[in-house]
Structures are given as structure tokens and as C-alpha cells.
Amino acid sequence: MVMVSSHGGKKDAEDNVAVDFRGRPADKSRTGGWLAAGLILGTELSERIVVMGITMNLVTYLVGNLNLPSAKSATIVTNFLGTMNLFGLLGGFLADAKLGRYLTVAISGSIAALGVFLLTLATSIPSMRPPKCSQVRRQHHECIAATGNQLALLYAALYTIAIGGGGIKSNVSGFGSDQFDTSDPKEERKMIFFFNRFYFFISIGSLFAVIVLVYVQDNVGRGWGYGISAGTTVIAVLVLLCGTTFYRYKKAQGSPLTVIWRVLILAWKKRNLPLPSHPSFLNGYHEAEVPHTERLRFLDKAAIVDETDQKEGSNSSWLVSSVTQVEEVKMVLKLMPIWSTGILFWTVYSQMTTFTVEQATFMNRKFGSIEIPSGSLSAFLFITILFFTSINEKLIVPLARNLTHNVQGLTSLQRVGIGLVFSILAMVVSAVVEKERRQEAIGNPSSKLSAFWLVPQFFLVGAGEAFAYVGQLEFFIREAPERMKSMSTGLFLSTLSMGFFFSSVLVSIVDKVTKKTWLRSNLNKGKLNYFYWLLAILGVLNFIMFLILASRHQYKAQQNLNPNDESGEREIKEKELVMSASEVIIGVDGKEEA
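Residues numbered from 1 in each chain as written. Predicted model: local features only at pLDDT ≥ 70, side-chain atom pairs only at ≥ 80, totals over all residues. Heavy atoms only, no water.

Quick word on the overall build of the chain
Spelled out, the test is: Every helix listed is a DSSP run of H or I at least four residues long, and every strand listed is a run of E at least two residues long, numbered separately from the N terminus. In what follows, residue pairs with any heavy atoms lying within 4.5 Å of each other are defined as contacts. All accessible areas in this document rest on Shrake-Rupley with a 1.4 Å probe, and a residue is counted as covered only by the protein chains that are shown.
Scanning the chain from terminus to terminus reveals 24 helices and two strands. Long-range pairs, those at least 24 residues apart, make up 83% of the contacts in the chain with a sequence separation of at least 6. Carbon and sulfur atoms provide 63% of the accessible area of the chain, an area that totals close to 26,200 Å².

As C-alpha cells, this is what we get:
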């Protein structure tokens, strides 16, 4: 997470100065730069290898080796992903409030390594698996499922990895960007290029996991596959530690989550106090860095100075908040309705790691003489993401910029909207393909539909992610209060988390309501296509709600733009405000990268 102090002015500037590992002002000639950032990138590469190597193939292990029902297997995977992204909030909080990014990444990497080691044991020890089940017995639902004791080590391993992975996800990019001085134009250009490479490493790690590791897991052994992941994580942590003397560090300055929590508590404590006749009587009104607004007036009570506060000292932030802090919390709460509409996209995305992979196990996966592992088909998802993120900034955005005469091209909410449309189309295609696959399997058991019929749904979800991921991240970065930029990553990760959790809840509800007729371990006897249609319908309703909320949203740049500014100054302000997250993640053209 990007750390921003909750205090302004000179103190904020002093606190933000980079130091070396001894706590002295960092020597730019000996610390930071590409050497330090490169060492940090290895941690993110290992995290992607571990997480993708697990999620894209875990469902086949749960169903095929542990004999668990499809619905329960999908829930285990999505709960794991949801928990990991939720722990991203905790990791960011710890880094901002106390530990700093370096310690948080190092500790999280060590925890993740321990988790993968436990997972290697859980999938290698024979006693951790139920007796093997023949295909005939599986078709008649006579397999013995794994017991609670056999699943205990697996759960311990997965959630240990979730803790470590969450801490890495929320801090490694910020720690990498700390290695560059944004006040130096040359280093600022290098930092933008760093984010380009950061996204590249994410994609390379994901592709390696779904192509190489999944193949090793299926054809050599789960223990070998997860063992490679464990070794990769250990090496990444050691490399990170070796660079200790080369890094630039930023001091922990306190988490904005504390500010939000404090304002909410104070507003509740003072709920019975009457609001003053004029907001100028609120604490810090005249020094406020954010103009007072009339929305969410109940939060203004946190800034009321009562007699008790005056006796105990109104300077205490736990007794009374300032107008600036209250307005910043209002701005965060204002983002939540649109935040909620992004959840369903990640619910759709989670199907690519669960039911779509399971579909592939019932299809013809041969490419020539080679049989492609089910999880490896996810490579088409990441290839599509790379393709669209490349043409977005090189082709789509410039075209949109020319058509709309908007320097930003596509706004953040337009990107999110496009991503939501792709997700709806993906579920429609998934439902049609599953119906054809099932009819082929029932009508002609000796013939299987080609697994490459799954490519269109991977393509559509990948294209959707290229728009929705960038759009959501850009929206939270740009619309969050200036002092709460740390919240942007946390809000984004929580959207992913809630999407995966909602998938688990939806699967459980559907499984119960349909009395286990839609989602069955033997997909040929289930009706998975109905589940996909349900997601498509929910997607349409969610998109309608998104359009309503997006049409009413006023961007912070529009609110802050002074109508009395000269046109030239207005244009400069606008250009300064429209540096999108897509430019940060994907990079800029070759001139800037040089």
C-alpha cells in the first residue's frame, strides 16, 4: 500500500523522507534504484507462482483425489482467495501503522513459505487422502470423501498461505516504488517503468504456474509441484533479505484505517449531541484542507467540541476529530456504493478457477499427442489479459481520446462498465458451451467435446479483467482522499475478497435450493449451465445498478476544478489529475521508459 501520513505540511514531508537500513537519510548513489527494485520483484514473482499454482488446479485435487463434492471444492478455493485478499487489508494496516513495508513483506514471505511447505506435506502424505476411487464407483457416488482430520492440514496450509500472500500483495508494489524518488524526474520515469515490469512479472509468474507447475502437479506429483513453489518462495525471501543494505525505507506513519475507525466511533459516541447552527463551530473548520459538505451530516458530530473535550484537551484525536478527517471519511463512504457493484465481476472471475477447470476434466484436452492439464487451460485467461492491457493504452485509449476529446480517453468508471459487460457475455457463452458439452457427453459417451471450446469464456473474462481491474484500481486511487491513498489498494483488494466470498455463498445457496441437482461432482448429471445463466442474470441487474450509480457520480477532479481558472490552467489541472492507474500498471510509451 502507498503510505500517506494523516498529518500535513512540513511534518508530512519530513516523515516521507527515505532512509537507509540504519535510519540515516538514504544515499541515492548507494541505495534504491533498479537494483533494489529488482530484488523486490522476485517476491511478487514467487507469490504469483504460489497462488496461481494452487488456485488454478486445486479444485481437480479436491474432487479427484479427496473425493469432495464439486460445490464444496469450489467453496474451498474461493474462500481461500477471498481470505487472502482480505488479509491484504491487515497487511497494509500493519505496514502503515507499525512494521513498515520491508518487515511486512519479509515476514509475510516467510509465512507463505511455511504455508506452501505444509501444503506439500498435506498432498504428499498418503494418510492425508481417502482411498482411491474408481471411475465406476465415482459415477455411482460411492467414493469415500476426505475426513475432517485429513482436511485439517490442508486448511492450515491454505490459510497460512493466505496470511502470507495477503501481506505480500498489499505491500510489495509500494515497497518497490519507495526505491525511486518521485521528486527527481529521471527516477520518477524509472518508477513508472517499474510498475510496467511489476505487472509483467505478475503475468509471467501466472503463466509459469498454469503451464509448468500444473503439468508437474498432474503428471509428476502434487508434492513435487508444491515443493517447487515452496523452494521458489524461500529463495525469494532470501534474495529480499540479501538486499537489506541496498533498500530505501519509509517510516511507518500510521494507517488511515485508524482515522476512519476513530471518526465512526466518535460520531456514534456523540450521536445525541445536536449539530451546531453553523459548521464553522466544528473543530478545525477554518483550517480544513477539504471543504465541508452537507452530505452524511451525522458524521459531523465527530468534530463537535463539547464541554468534556474542552476539559480533557480538544487536541486529542480520540476525543474530537477535525473537519478534514470527517470529510475524508465521507469521501471514502461515498465510494462504497460503486465499490459494491464491482463485487460480482470477481464472482464471475472465480468461476475460471473452479467450475471452468472442472469442466475441462470432462472434455477432450488432447493437442496432438499431448494431453493438456485442466488447469493449464487458464493460460488463455492470462494471455488475453496481457493482450488487452497492451492494446488498451496503445490503441483503444488513443482512439477514445480522439472521439471524445477527453485527455483521459476512457474514464475509470467506463472501464469498469466495459469489464462488467464482458463478464455478462462470458457467463452467457459459458452456459451455452456447458449445455453443448453435457448433451454431447450424454448422447455420445464415447465422444468428448474439445476443451478448446472453453477458450471463448477465458477470453471474455480476461478481456473483462483488463478493463475492470485497471478501472477499479484507478477509481479508488483517484477518488480516495489525498491523505488516504493507502485506502485505495485496500478497497480494491476488498472488492476481490468480497467477490470470492460471494461466490462461496452463492454456490452454497444454489446447492441447497436445488437440492444438489445443479452442481454435482459428475457434471454430466448436473446442470452447471443453469448456474452460469443465474450469474448472467445477476450480472445484468448489477450492471443496471452500476449505470445508475455511475451516472450520478461526480469525479473529485470535477469537484475541485475552479470554474474561474483560465482555460490553460484548467487544462493543466485536468492533465495532472488524469494520470490513470493503467499508466502506472502497464507503463507508458518507449520515450518515457527510456
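A look at the nonpolar core
Just so we agree on the cut-off: Put simply, a nonpolar core is a bunch of buried Ala, Val, Leu, Ile, Met, Phe, Trp, Tyr and Cys residues held in one set by side-chain atoms that sit within 4.5 Å of each other. Working definition: with a 1.4 Å probe on protein chains only, accessible area under 20% of the residue-type maximum means buried, over 50% means exposed, and in between means partly exposed.
I54, L62, L381, F382 and F531 are the most contacted members of the largest nonpolar core, which has 110 residues in total. The leading source of residues in this core is helix 18 (residues 455–479), at ten residues. Ranked by size, the runner-up nonpolar core spans 20 residues in total, among them A37, M191, F198 and I202.

A look at the packing of aromatic side chains
Just so we agree on the cut-off: By convention, a stacked pair of Phe, Tyr or Trp rings (six-membered ring in the case of Trp) has centres within 6.5 Å and planes under 30 degrees apart, an edge-to-face pair has planes over 60 apart, and any other such pair is tilted. Definition used: whenever NZ (Lys) or CZ (Arg) falls within 6 Å of the ring centre and also within 35 degrees of the ring normal, the charge is taken to sit over that ring.
Under the defined criterion, the tally for this structure stands at 22 aromatic pairs. Following the ring pairs from residue to residue traces out a cluster consisting of F345, W346, Y349, Y469 and F500. Over the ring of W268 we find R271, and its NZ or CZ is 3.9 Å from the ring centre.

Section: the pattern of salt bridges
Defined as follows: One speaks of a salt bridge when a side-chain nitrogen belonging to Lys or Arg is within 4 Å of a carboxyl oxygen belonging to Asp or Glu.
Under the definition given, this model contains 13 salt bridges. With its nearest N and O atoms 4.0 Å apart, the salt bridge here joins D27 to R30.

Focus: unusual backbone geometry
The phi angle at N67 is positive, at roughly 55 degrees, despite the residue not being glycine. In this structure, K516 is a non-glycine residue whose phi angle is positive, near 60 degrees. By secondary structure assignment, the location of K516 is in the loop between helix 19 (486–513) and helix 20 (528–552). K516 sits in the exposed class, given a relative accessible area of 54%.

Here we look at the environment of L86
Take L86: it is sitting in helix 4 (residues 70–99). Between the alpha carbons of L86 and A162 there is a distance of 8.8 Å; along the sequence they are 76 residues apart. Apart from residues no more than four positions distant in its own chain, L86 is found in contact with S497, M498 and F501.

Thoughts on the environment of F246
Of note, F246 is situated in the loop between helix 10 (222–242) and helix 11 (256–269). Beyond its immediate stretch of four places on either side in the chain, F246 contacts R30, T31, G32, L35, A36 and Q179.

Considerations on the side chain of N57
Rule in force here: Polar contact is defined as a pair of N or O atoms within 3.5 Å, subject to the rule that within protein one atom must be able to donate a hydrogen and the other to accept it, and that residues adjacent in sequence are counted only when both atoms are side-chain atoms.
Summarising the element assignment, N57 is placed in the loop between helix 2 (33–55) and helix 3 (58–64). On the basis of relative accessible area, N57 is assigned to the buried category, the value being 0%. At 3.0 Å, the side chain of N57 and the side chain of D218 are in polar contact. Once you skip the residues sitting within four places of it in the chain, N57 turns out to touch V214, Q217, D218, R222 and G375.

Things to note about the environment of T244
Summarising the element assignment, T244 is placed in the loop between helix 10 and helix 11. The sequence separation of T244 and D20 amounts to 224 residues, and the corresponding C-alpha distance is 8.9 Å. Each residue touching T244, except ones within four places of it in the same chain, is listed here: F21, Y102 and Y249. A polar contact is formed between the side chain of T244 and the backbone oxygen of L241, at a distance of 2.5 Å.

Remarks on the side chain of T31
Relative to the assigned elements, T31 resides in the loop between helix 1 (9–15) and helix 2. For T31, the side chain forms a polar contact with the main-chain oxygen of D27, separated by 2.8 Å. In this structure T31 touches D20, A26, T245, F246, Y247 and R248, once residues within four positions along its chain are discounted.

Section: helix 2
Short version of the rule: Here the expected length of a helix is defined as 1.5 Å per residue gap, with one fewer gap than residues.
Between its first and last C-alpha, helix 2 extends 33 Å over 23 residues, near the 33 Å set by a 1.5 Å rise per residue. Among the 23 residues that make up helix 2, 17 are buried, leaving the element largely enclosed by the rest of the structure.

What to know about the packing of helix 2 against helix 10
Rule in force here: Here an angle of 0 to 180 degrees is reported between the N-to-C directions of two axes, which are lines fitted to C-alpha atoms, with helices fitted over the stretch in contact. Under this scheme an angle from 65 to 115 degrees is roughly perpendicular, one under 35 degrees roughly parallel, and one over 145 degrees roughly antiparallel; angles in between are oblique. By the definition used in this description, the sense in which the near helix is turned from the far one sets the handedness, with an anticlockwise turn below a right angle giving left-handed and a clockwise turn giving right-handed. Three classes are used: nonpolar for Ala, Val, Leu, Ile, Met, Phe, Trp, Tyr, Cys and Pro, charged for Asp, Glu, Lys and Arg, and polar for all others, with Gly counted as polar.
Running from amino to carboxyl end, helix 2 crosses helix 10 at an angle of 160 degrees, the nearest separation of the two axes being 8 Å. The orientation of helix 2 with respect to helix 10, classified from their angle, is roughly antiparallel. As helix 2 runs across helix 10, the sense of the crossing is left-handed. When helix 2 is examined against helix 10, the residues L39, I40, G42, T43, S46, I49, V50, G53 and I54 are found in contact with a partner set consisting of Y226, S229, T232, T233, A236, V239 and L240. Partitioning the contact of helix 2 with helix 10 into residue classes produces nine nonpolar, seven polar and no charged.

Regarding helix 4
The terminal C-alpha atoms of helix 4, which comprises 30 residues, lie 41 Å apart, in line with the 44 Å expected from a rise of 1.5 Å per residue. Of the residues one or two after helix 4, G100 is the one with positive phi, at around 85 degrees.

Structural notes on the packing of helix 17 (residues 412–443) against helix 18
Relative orientation of the contacting elements helix 17 and helix 18 amounts to 155 degrees, with a least axis distance of 7 Å. Taken together, the axis directions place helix 17 and helix 18 in an arrangement best described as roughly antiparallel. Along this stretch, helix 17 crosses helix 18, giving a crossing that reads as left-handed. Residue composition of the contact of helix 17 with helix 18, grouped by class: 16 nonpolar, seven polar and three charged.

A look at the confidence of the model for the chain
Convention followed: Note: pLDDT gives the predictor's confidence per residue, expressed from 0 to 100.
Per-chain confidence: the chain averages 80 in pLDDT, with 84% of residues scoring 70 or above. Contacts of residues 1–15 to residues separated by more than four positions or lying in other chains number 40 contacts, the stretch itself having pLDDT below 50. The low-confidence segment residues 561–594 (pLDDT under 50) makes 51 contacts with residues lying over four places distant or belonging to another chain.

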